[in-house]
Amino acid sequence: MAQAGDATGVAEPGQQSPDSTDQDEVAITRTSLRNGGWLGYGNDGLYVKRDGKVKIRDEDITRITLRAIEWDLVVMSLLLVGVGGYVAATRNPLVGVGFAVAGLLSLYRTYRKRYALSVHVGNDGPLTVYPTHPKRCHERLADRIE
């Protein structure tokens, strides 16, 4: 479990789990997510609170992956900016600037989705979150699941 002051969060004894009743209390170690909410783990599973609350039991998790960035989108975005610059310089400045802006927006969106932590559960699609300290969170969760 994480210690106080650890980058992945602080153990919070006595805090109720997201789907607990009045009688069952679970200690949850939390880490905040970049786009709001938190990811935590307790004695019996993994908890995610974004728009709603989700609990995943440890035995249901098949694997946990950490993807640094989607390099194919980075390359395509940079090519789009380059083509836009070329078109703006040689042919039509308005169209070229439009392409370059679209490439920059795509690059910014790809940057915001860096370090995606995916929790694979059975045959369902993965649950993807973006923790503030992704590498430490991945290490802790991988140690927990093994």
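Up top is the structure.
Residues numbered from 1 in each chain as written. Predicted model: local features only at pLDDT ≥ 70, side-chain atom pairs only at ≥ 80, totals over all residues. Heavy atoms only, no water.

Visitor: Looking at this structure, I do not really get the pattern of salt bridges. What am I missing?
Guide: Here the idea is simple: oppositely charged side chains can pair when their charged atoms come close. Overall, the coordinates contain 4 salt bridges when judged by the stated rule. Where R57 meets E59, a salt bridge forms, and the shortest distance between an N and an O atom there is 3.6 Å. The exposed category is assigned to E59, whose relative accessible area is 60%. Across the salt bridge formed by E70 and R67, the nearest N and O atoms sit 3.3 Å from each other. A relative accessible area of 27% places E70 in the partly exposed class. Each of R57, E59 and D60 takes part in salt bridges that share partners, so that together they form one network. (Salt bridge = Lys/Arg side-chain N within 4 Å of Asp/Glu carboxyl O. Buried < 20%, exposed > 50% of the residue type's maximum accessible area, 1.4 Å probe, protein only.)

Visitor: Could you clarify how one ought to interpret the packing of aromatic side chains in this entry?
Guide: The relation between two aromatic rings is expressed through the spacing of the ring centres and the mutual angle of the planes. Applying the stated criterion across every chain, the model contains 0 aromatic pairs. When the ring centre of W38 is taken as reference, the NZ or CZ atom of R30 above it lies at 4.0 Å. (Phe/Tyr/Trp six-rings, centres within 6.5 Å; stacked < 30°, edge-to-face > 60°. Lys NZ or Arg CZ within 6 Å of the ring centre and 35° of its normal.)

Visitor: What's the story with unusual backbone geometry in this structure? I'm lost.
Guide: Apart from glycine, the bulk of residues carry a negative phi angle, and the bulk of peptide bonds sit in the trans form. Even without being a glycine, Y115 presents a positive backbone phi close to 50 degrees. Relative to the helices and strands, Y115 is located in the loop between α2 (93-112) and β7 (116-121). Y115 gets classed as partly exposed once you look at its relative accessible area, which sits at 24%. (Helix = DSSP H or I, 4+ residues; strand = E, 2+ residues; numbered from the N terminus.)

Visitor: Looking at this structure, I do not really get the sheet that holds strand β6 (residues 61-67). What am I missing?
Guide: Strand pairing in a sheet takes place through backbone hydrogen bonds and is either antiparallel or parallel in direction. Ordered in space as β6-β7-β8, the 3 strands form an open sheet in which the pairing is antiparallel. Each edge of the open sheet is held by one strand with a lone partner, namely β6 and β8 (127-129). Direction aside, the axes of adjacent strands within the sheet are offset by 15 degrees on average. Bridge analysis of β6 against β7 gives 6 bridges, and the strand direction is antiparallel. Among the inter-strand pairings, L66 is bridged to a residue of β7, identified as L117. Packed onto the sheet, helix α3 (residues 134-145) meets β6 and β7 and runs at close to 160 degrees relative to β6. (Pairing = 2+ DSSP bridges. Axes fitted to C-alpha atoms, helices over the stretch in contact; angles between N-to-C directions. Contact = heavy atoms within 4.5 Å.)

Visitor: What am I meant to see in the pairing of strand β4 (residues 45-49) here?
Guide: Regular strands place their side chains on alternate faces of the sheet. With 4 of 5 residues buried, β4 is to be regarded as a mostly interior element. Summarising the sheet, strand β3 (residues 38-41) and β4 pair through 4 bridges and their orientation is antiparallel. Opposite Y41, over in β4, you have L46 as the bridge partner. With 5 bridges joining them, β4 and strand β5 (residues 53-57) adopt antiparallel strand pairing. The partner of V48 across the bridge, within β5, is V54. Counting the residues between successive antiparallel strands, the hairpin from β4 to β5 contains 3 residues.

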